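What follows is the residue order along each chain.
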Amino acid sequence: MSTPNTIPVIDLNDYLSDDKNKKQKFVDNVGAALKDVGFFALTNHGLPQDLVSEAYSISEKFFKLDEATKRKYENLEIQGQRGYTSFGREHAKDHDAPDLKEFWHVGQDLSDGHKLADVYPQNIWPKELPSFETTMKDIYQQLERCSLQILEACSLYIGEDKSLFRDMAVDGNTILRLIHYPPIPEDANPASVRAAAHEDINLITLLIDATTSGLEIMDRNGNWLPVVTPRGCIIVDSGDMLQNASNGFYKATTHRVVNPNDSRSRRFSMPFFVHARSEVPLNPIASCVAKTGGEKKYPDITAGEYLHQRLKEIGLS
Ligand SMILES: O=C(O)CCC(=O)C(=O)O
Ligand SMILES: [Fe+2]
């Protein structure tokens, strides 16, 4: 017998359907999942399996390169916002031991002349892997398409126009992160895990199925639950920025990636952190304040200021 799914499973085809009831079902399911659990699994997301496999294969090839080659792509002046971040550099907020991972960041690729083209750092592409750029740009666009549809559902569920959260994220400071969790080094800090307990900073995160298990979420009673989903789906979670703008209506659920039983095994994953544009206010929305007891519980702050504060807390700024 297969293990039951531990988070709601929601079908994107319902939203794309002409049938109003199906569309509404999608909105209701997404809204309830992010309000009550903070996580769900998206099926029929439209990302070709070949593209996902190719992205993982290229990511694996990159992380297999020798350390000196990888470090050519580490730019500490931009705090690793693009390109490579070496093993042991990032730690979770309030947790000093570093996470056991290395990663690569791909950001917006806006056309010359776009008003934000000079605002974001330029993407970096590894010369050793010629198909890296086209594959990662392709998967970025596909994930961005899904994310905007999910943000529409989040807006509709609270009775707002579908553009409310969606428009915050158009041309946003969104990041695709390719992560490699290598075998656990023998001299690793005993307090270190692959990814220590944290909440995501951004509006929502889309996580393409990782190569092995390990992801866990904390339930309302403080118990850790392994995330079990159908194969090939995309895991979606709500982050602190959506929690702030919705005055806590949507939850940023704590999650982590535990170390494997077999310390020699590797893991690859690919979170897509959906951010607002920097100038966007994340001030609690009046209708959400009304739904959450009538009092504002979160600050008025722009996405840019919020991100800056949080990156400092995790050692990346
Ligand atoms: O690797 C994973 O499955 C999740 C990683 C994660 O939670 C993160 O990078 O924020
Ligand atoms: Fe996360």
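Residues numbered from 1 in each chain as written. Chains lettered and ligands numbered in written order. Predicted model: local features only at pLDDT ≥ 70, side-chain atom pairs only at ≥ 80, totals over all residues. Heavy atoms only, no water.

Taking an unreviewed UniProt entry as the reference, the protein chain is identified by name as 2-oxoglutarate-dependent ethylene/succinate-forming enzyme belonging to Pseudobacteriovorax antillogorgiicola. Per UniProt, the protein chain carries the Sequence similarities (unreviewed entry) text "Belongs to the iron/ascorbate-dependent oxidoreductase family." UniProt lists a comment for the protein chain under the heading Pathway (unreviewed entry), and it reads "Alkene biosynthesis; ethylene biosynthesis via 2-oxoglutarate." (UniProt positions renumbered as here; feature names shortened; annotations may be inferred.)

K.L.:
Would you mind going over the overall build of the protein chain with me for this structure?
P.N.:
Broken down by element type, the protein chain carries nine helices and 12 strands. For the protein chain, the C-alpha radius of gyration of 19 Å lies close to 20 Å, the compact-globule estimate for 317 residues. For the C-alpha atoms alone, the extent of the protein chain along its principal axes is close to 55 × 55 × 40 Å. Expressed as a percentage of the 317 residues in the protein chain, the buried residues total 52%. Put simply, of all contacts in the protein chain between residues at least 6 apart along the chain, 76% involve residues at least 24 apart. About 14500 Å² of surface is accessible on the protein chain, with carbon and sulfur atoms providing 48% of the total. Considering the protein chain, the positive charge centre built from 35 side chains and the negative charge centre built from 45 side chains are found 2 Å apart. (Helix = DSSP H or I, 4+ residues; strand = E, 2+ residues; numbered from the N terminus. Rg over C-alpha atoms; globule rule 2.2 N^0.38 Å. Buried < 20%, exposed > 50% of the residue type's maximum accessible area, 1.4 Å probe, protein only. Contact = heavy atoms within 4.5 Å. Areas by Shrake-Rupley, 256 points an atom, 1.4 Å probe, with all protein chains shown as cover. Lys, Arg positive; Asp, Glu negative; His and termini not counted. Charge placed at Lys NZ, Arg CZ, Asp CG, Glu CD.)

K.L.:
Even after reading the chapter, I still don't get the packing of aromatic side chains, so can you show me in this structure?
P.N.:
For any pair of aromatic rings, the description rests on two quantities: the centre-to-centre distance and the angle between the ring planes. Following the criterion strictly, the structure yields 13 aromatic pairs and no others. Counting every residue linked through ring pairs, the aromatic cluster contains Phe62, Phe63, Tyr73, Tyr84, Trp104, Trp125 and Phe132. Positioned above the aromatic ring of Tyr15, the side-chain terminus of Lys23 is 5.0 Å from the ring centre. The ring of Phe103 is capped by Arg177, whose NZ or CZ atom sits 3.8 Å from the centre of that ring. (Phe/Tyr/Trp six-rings, centres within 6.5 Å; stacked < 30°, edge-to-face > 60°. Lys NZ or Arg CZ within 6 Å of the ring centre and 35° of its normal.)

K.L.:
Got a minute to help me understand helix 2 (residues 20-36) in this structure?
P.N.:
Since there are 3.6 residues in each turn of an α-helix, residues three or four apart along the chain are aligned in direction. Its 17 residues give helix 2 an end-to-end C-alpha distance of 24 Å, which sits within 8% of 24 Å, the value for a rise of 1.5 Å per residue. For helix 2, the set of buried residues is Phe26, Val27, Val30, Gly31, Ala33 and Leu34. Looking straight down helix 2, one finds its buried side chains confined to an arc of 165 degrees; they lie on one side. Residues of helix 2 that are buried in the fold lie against strand 1 (9-11), helix 1 (12-16), strand 2 (39-43), helix 5 (132-157), strand 7 (204-208) and strand 10 (234-238). Here helix 2 starts with a cap whose side-chain oxygen sits 2.8 Å from the backbone nitrogen of Asn21, and that cap is Asp19. A positive backbone phi angle near 80 degrees is found at Gly38, which sits one or two residues after helix 2. (Expected span 1.5 Å × (residues − 1). Arc of directions from axis to C-beta. Polar contact = N/O pair within 3.5 Å; in protein donor to acceptor, adjacent residues only side chain to side chain.)

K.L.:
What's the story with the coordination of the iron ion (ligand 2) in this structure? I'm lost.
P.N.:
With distances of 2.1 to 2.2 Å, the protein atoms coordinating the iron ion (ligand 2) are His198 (NE2), Asp200 (OD) and His255 (NE2). By relative accessible area, His255 is classed as buried at 4%. (Donors = N, O, S within 2.8 Å, 3.2 Å for Na, K, Ca; no water.)

K.L.:
What should I look at first to understand the packing of helix 2 against helix 5 in this one?
P.N.:
When two helices pack together, you describe them by how their axes are tilted relative to each other and by the distance separating the axes. Put simply, helix 2 and helix 5 touch, their axes get as near as 8 Å, and they point 85 degrees apart. On the basis of their axis angle, the class for helix 2 and helix 5 is roughly perpendicular. For the pair helix 2 and helix 5, the contacting residues are Phe26, Val27, Asp28, Val30, Gly31, Ala32, Leu34 and Lys35 in the first and Ile150, Ala153, Cys154, Leu156 and Tyr157 in the second. Here the contact of helix 2 with helix 5 is built from residues that sort into 10 nonpolar, one polar and two charged. (Axes fitted to C-alpha atoms, helices over the stretch in contact; angles between N-to-C directions. Parallel < 35°, antiparallel > 145°, perpendicular 65-115°, else oblique. Nonpolar A, V, L, I, M, F, W, Y, C, P; charged D, E, K, R; others polar.)

K.L.:
Sorry, what's going on with the sheet that holds strand 8 (residues 215-218) here?
P.N.:
Overall, antiparallel pairing links the four strands, which are arranged 6-11-8-9 in an open sheet. Only two strands of the sheet have a single partner each, and these edge strands are strand 6 (195-198) and strand 9 (224-226). On average, each strand axis in the sheet is tilted by 20 degrees relative to the strand beside it, whichever way the strands run. Taken together, the three bridges between strand 8 and strand 9 define a ladder with antiparallel strand orientation. Following the sheet pairing, Met218 is matched in strand 9 by Trp224. (Pairing = 2+ DSSP bridges.)

K.L.:
Would you mind going over the pattern of salt bridges with me for this structure?
P.N.:
A side chain with one charge can pair with a side chain of the opposite charge if their charged atoms come near. Scanning all chains against the criterion turns up 21 salt bridges. Here Glu74 ties to Arg71 by a salt bridge, and the two come within 3.9 Å at their closest N and O atoms. Accessibility expressed as a relative area gives 14% for Glu74, which makes it buried. The partner of Lys296 in a salt bridge is Asp300, and the shortest N-O contact between them spans 2.9 Å. Residue classification places Asp300 among the partly exposed residues on the basis of a relative accessible area of 46%. Here the salt bridges do not stand alone but share partners, grouping Glu67, Lys70, Arg71, Glu74, Arg89 and Glu102 into one network. (Salt bridge = Lys/Arg side-chain N within 4 Å of Asp/Glu carboxyl O.)

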